[in-house]
Amino acid sequence: MPARRRPHRPPLIAALLIASWPIAALGADLIDREDLARFDLQRFWQTETQAGGDLLDRIVAVDDNLYLISSGNRAFALHTGTGIIRWSAEIAGEGQTIRGPTHSPQYAVFTTSTAVRLLHRRTGLAAQEPRALHGVVIEVRGDIADINIGRLHGVQPGDVLNVTPRGAGGFGSALRPARFQAVTVHERETTGRFLEFDQGNRPQPGNEVWANVALPLPEVKVPFPPSAAAVADDQHIYVAAANQRLYSLTIIGGYRQWQIMTPRTATATPRLLGRLLVVAAQNGEVIATDVLAQGELWRFRTEAPVFADPVVTPQAVFAASSDRSLYAIDLAAGTRLWRTRFDAELLHAPIVHDMRVYQFVPGNGLVVLDAKSGDARWSVEDGLSFLTQIGDDVFIACGAEGPPGAPPTLTAVGRFDAKSGAERGRIELRGIAFVAGQSDPPAIFAADRLGRAMCARPARDARLTAAELADVMRNDAAKAVADEVQAKLDAERASRQRAARPSAPAADPFASRSTAPPAVGTGIVPPGEAGAEPGAPRDTATRAAEEPAKSGDEEASGESESEEPAEDAAGEEPEESSGGDSPGDGG
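Being a predicted model, the structure only gives us computed values, none of them experimental. (Residues numbered from 1 in each chain as written. Predicted model: local features only at pLDDT ≥ 70, side-chain atom pairs only at ≥ 80, totals over all residues. Heavy atoms only, no water.)

**What to know about the overall build of the chain**
Going by this rule: Only DSSP runs of H or I reaching four residues or more are called helices, and only runs of E reaching two or more are called strands; each is numbered from the N terminus. Exposure classes here rest on a 1.4 Å probe applied to the protein chains alone. A residue is buried below 20% of its type maximum, exposed above 50%, and partly exposed in between. The contact rule is simple, with two residues in contact once any of their heavy atoms fall within 4.5 Å. Surface accessibility in these figures is a Shrake-Rupley result with a 1.4 Å probe; residues are shielded only by whichever protein chains are displayed.
Looking only at helices and strands, one finds 6 helices and 38 strands in the chain. Each of the 587 residues in the chain was classed as buried or not, and the buried ones make up 43%. Taking as baseline every contact in the chain between residues at least 6 positions apart, the subset at least 24 positions apart corresponds to 50%. Roughly 30100 Å² of accessible area belongs to the chain as shown, and the carbon and sulfur atoms make up 52% of that amount.

Shown next as structure tokens:
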């Protein structure tokens, strides 16, 4: 069931809440453009989400989406390259805790107090669950009919179902079915109209109704309340629960594939790299599992609970432990590469970039270490987190630590030399509550509590072209339809080009067709298309039948193989490819 809509706060209450923060005037730049220009930055975009009375709670940058999450559990997904609001959705009911989001190749994964929600990263549409609908016709009134399946069975207004006579094969019969479109859907019945049917075989009560449909998947229930944000690929969800277990659940159906024990509850977000899943638990263990073989690969134990999310690179796992140490663990063997001790418990996840590890240490600020050795290189006393690196400059969020459990107070974005840590200046932040960063491409995001967000990028960066912007604004389904239409247009254009080619001159019926060397004379053979000269191109249909099938990548490119290459200036067609007749891989 969709989450209950949070009522708007009365204007007076909202005004009192807003009055406690220094907010820039509506429409004004969140960060002054002159301040950005001093650091060779530009305001790339600025967007107002109009959160409807809710104040922003946090922002999260993941891949090409920037998520703005409100105190009313509504998420806005902004495209990081343009600031376009791709979609917004209420993730959970009022008062619930939302963890994440994380990303699978296709979905944004949000974890609530009881379940996991998967929304398409580009469109915000819920994951789809395929389902077969089976029912019968109850009553027919002209072209109007009632059927005995409804909302509880997965029928939605606009669905088109097949209708066949009972005993004629039903549910996929070879007989041409009538078509029924659902109009009014009740819990157990549906009223609709017939779109088409054979006049000699009008639908009757008792006819079978069937269809294969895709239903929105509101959420995947977890066997026990989740204790950390879930991660997923496009088939399975991996989520730690409060009963000290890590579950692998199928997205479709929510079936439990496997589970492993995590002694004491795991509250850190697991990390998925290919088929390797890494989870850190509150007993101090870091566990690596092969999600396909369903087997544990190794366990590494620290000396105290791990609350911070681990970071996984192709070479190592970096784990910050409350035993006051940051560990680098060999990804393949699970053995310790190095350990660096500090003067305080580490409760924040490290950030690894350009062979450096950025670790926030309470009381010490942001400490920068060498990723290979663990040796400290430099630190920023009021540094809070790494944002991005542009050339030799590192940009860091600076401010004051808050009390335990409270967010820090942002004061500035500082620019530092990546190698030495020498400070090169600061941009003061006024009225900004949240900042986040992105490394590819380099970008800094900022937002205030009202739901206004902006992006700063290097001054040299060019904005998207019209074609790139159009691709951002259309979803994958629309793109697939557009590609199909384009393929048809390409095929029609190729057909017109073939029809428009001038016909070859009539062949001389007395000309020799032989290609054998002459016994005497010059052996000149008059040219003519009927002459089967070696290497002459065959007709298009024969050539298409013998060519290997296109690979999936070629199909995705939208290019039409039916279109022949254009003739050159001399009017000669290209020679036939000498490729074999073995079938392609089919993508």
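**Focus: the confidence of the model for the chain**
Stated formally: A residue's pLDDT is the confidence the predictor assigns to it, expressed on a 0 to 100 scale.
When the pLDDT values of the chain are averaged, the result is 81; 75% of them are 70 or greater. Confidence over residues 520-587 falls short of pLDDT 50; this stretch has 55 contacts with residues more than four positions distant or in other chains.

**A closer look at the sheet that holds strand 9 (residues 128-141)**
For clarity, the cut-off: Pairing between strands requires that DSSP locate at least two bridges from one strand to the other. Angles shown run from 0 to 180 degrees and are taken between the N-to-C directions of axes, each axis being a line fitted to C-alpha atoms and, for helices, limited to the stretch in contact.
With antiparallel pairing, 6 strands are arranged side by side around a closed barrel as 9-10-13-12-11-14. Direction aside, neighbouring strands of the sheet carry axes that sit 40 degrees apart on average.

**Looking at the pairing of strand 36 (residues 434-439)**
Here strand 36 runs beside strand 37 (residues 442-447); their pairing, made up of 6 bridges, is antiparallel. Bridged to V435 within strand 37 is A446.

**A word on empty space enclosed by the protein**
Put simply, the test is: Grid spacing is 1 Å over the protein atoms alone, the probe is 1.4 Å, and a cavity is where that probe fits but cannot get out, while a pocket is an open set with protein on both sides within 12 Å along at least five of seven lines and lining residues have an atom within 4 Å of a point. Grid points are joined across faces, edges and corners, and a volume is the space filled by probe spheres set on the points. Under this grouping Gly is polar, as are all residues other than the nonpolar Ala, Val, Leu, Ile, Met, Phe, Trp, Tyr, Cys and Pro and the charged Asp, Glu, Lys and Arg.
Under the defined criterion, the tally for this structure stands at 2 cavities of 30 Å³ or more. By volume, the largest cavity amounts to about 90 Å³. V163, P165, R176, A178 and N201 are the residues nearest the centre of the largest cavity, which is lined by 13 residues in total. Considering only residue class, the lining of the largest cavity consists of 7 nonpolar, 3 polar and 3 charged. Looking at the second largest cavity, its volume works out to about 30 Å³. Taken together, I31, L36, L41, V413, I427, I444 and A456 make up the lining of the second largest cavity. Looking at the lining of the second largest cavity residue by residue, the class counts come to 7 nonpolar, no polar and no charged.

**Regarding the pairing of strand 34 (residues 409-417)**
Counting buried residues along strand 34, 7 of its 9 residues qualify, which places the element largely inside the surrounding structure. By the bridge criterion, 8 bridges tie strand 33 (residues 393-400) to strand 34 in an arrangement that is antiparallel. Bridge pairing in strand 34 links C398 to A412. Both strand 34 and strand 35 (residues 423-428) contribute to a ladder of 5 bridges, which runs antiparallel. Considered in strand 35, the bridge of R415 is made with G425. Joining the antiparallel neighbours strand 34 and strand 35 is a turn of 5 residues, in which G421 adopts a positive phi near 85 degrees.

**Considering the environment of L366**
With respect to the helices, strands and loops of the structure, L366 is situated in strand 30 (residues 365-370). Considered as a pair, L366 and S379 are 13 residues apart in the sequence and their alpha carbons are 5.5 Å apart. Not counting the four nearest positions on each side in its chain, L366 is found in contact with Y358, Q359, F360, W378, S379, V380, G383, L384, S385, F386 and I396.

**Comments concerning the side chain of D448**
Quick reminder of the rule: Pairs of N or O atoms are called polar contacts if they sit within 3.5 Å, as long as, within protein, a hydrogen donor faces a hydrogen acceptor (for residues adjacent in sequence, only side-chain-to-side-chain pairs).
Assignment of secondary structure puts D448 in the loop between strand 37 and strand 38 (452-458). The class for D448 is buried, based on a relative accessible area of 0%. Among the polar contacts made by the side chain of D448, one reaches the main-chain amide nitrogen of G451 at a distance of 3.2 Å.

**Quick notes on the nonpolar core**
For soluble globular proteins, nonpolar side chains are generally found buried alongside one another. Here is the rule: Buried residues of nine kinds, namely Ala, Val, Leu, Ile, Met, Phe, Trp, Tyr and Cys, make up a nonpolar core once their side-chain atoms join them within 4.5 Å.
By size, the foremost hydrophobic cluster in this structure holds 32 residues, and its most contacted members are I31, F395, I396 and V435. Listing elements by their share of this core, those giving two or more residues are strand 29 (356-361), strand 30, strand 31 (376-380), strand 32 (383-390), strand 33, strand 34, strand 37 and strand 38. With 5 residues, the top contributor of residues to this core is strand 33. If sequence neighbours within four positions are ignored, F395 has contacts with F39, L41, F386, L387, T388, I390, V413, G414, R415 and I444. Counting residues in each nonpolar core, the second largest holds 18 residues, with V137, I147, V163 and A182 among its members.

**Examining the sheet that holds strand 24 (residues 311-312)**
Across the sheet, 4 strands lie side by side as 24-25-26-27; this open sheet has antiparallel pairing. At either margin of the open sheet sits one strand with a lone partner, and together these are strand 24 and strand 27 (336-341). Across 5 bridges, strand 26 (residues 325-330) lies against strand 27 in antiparallel orientation. Residue pairing for strand 27: Y327 is matched across the bridge by R339.

**Let's talk about the environment of A320**
Here A320 lies in strand 25 (residues 316-321). Separated by 30 residues in the primary sequence, A320 and P350 place their C-alpha atoms 6.9 Å from one another.

**Some details on unusual backbone geometry**
The bulk of non-glycine residues show a negative phi, and the bulk of peptide bonds are trans. Cis geometry is found at the peptide bond from G100 to P101, where omega equals 10 degrees. Tracing the backbone shows P101 in strand 6 (residues 99-103). At D40, a position not held by glycine, the phi torsion is positive, near 60 degrees. Here D40 is to be found in the loop between helix 2 (33-38) and strand 1 (41-48). Since its relative accessible area comes to 54%, D40 is described here as exposed. Positioned with a positive phi, D354 is a non-glycine residue whose angle comes to about 50 degrees. For D354, the position within the fold is in the loop between strand 28 (351-353) and strand 29.

**Focus: the pattern of salt bridges**
For the record, the criterion: Counted as salt bridges are all cases of a side-chain nitrogen of Lys or Arg within 4 Å of a carboxyl oxygen of Asp or Glu.
Inspection of every chain in the model, using the stated rule, returns 28 salt bridges. A salt bridge links R271 to D309; the nearest nitrogen and oxygen atoms lie 3.5 Å apart. Of the two residues, R271 sits in strand 20 (residues 271-273) while D309 sits in the loop between strand 23 (295-301) and strand 24, which places them 38 residues apart along the sequence. On the accessibility criterion, R271 (28% relative accessible area) is partly exposed. R457 is the salt-bridge partner of D461, the closest N and O atoms lying 3.1 Å from each other. Take D461 and R457: they sit in the same class, and that class is buried.

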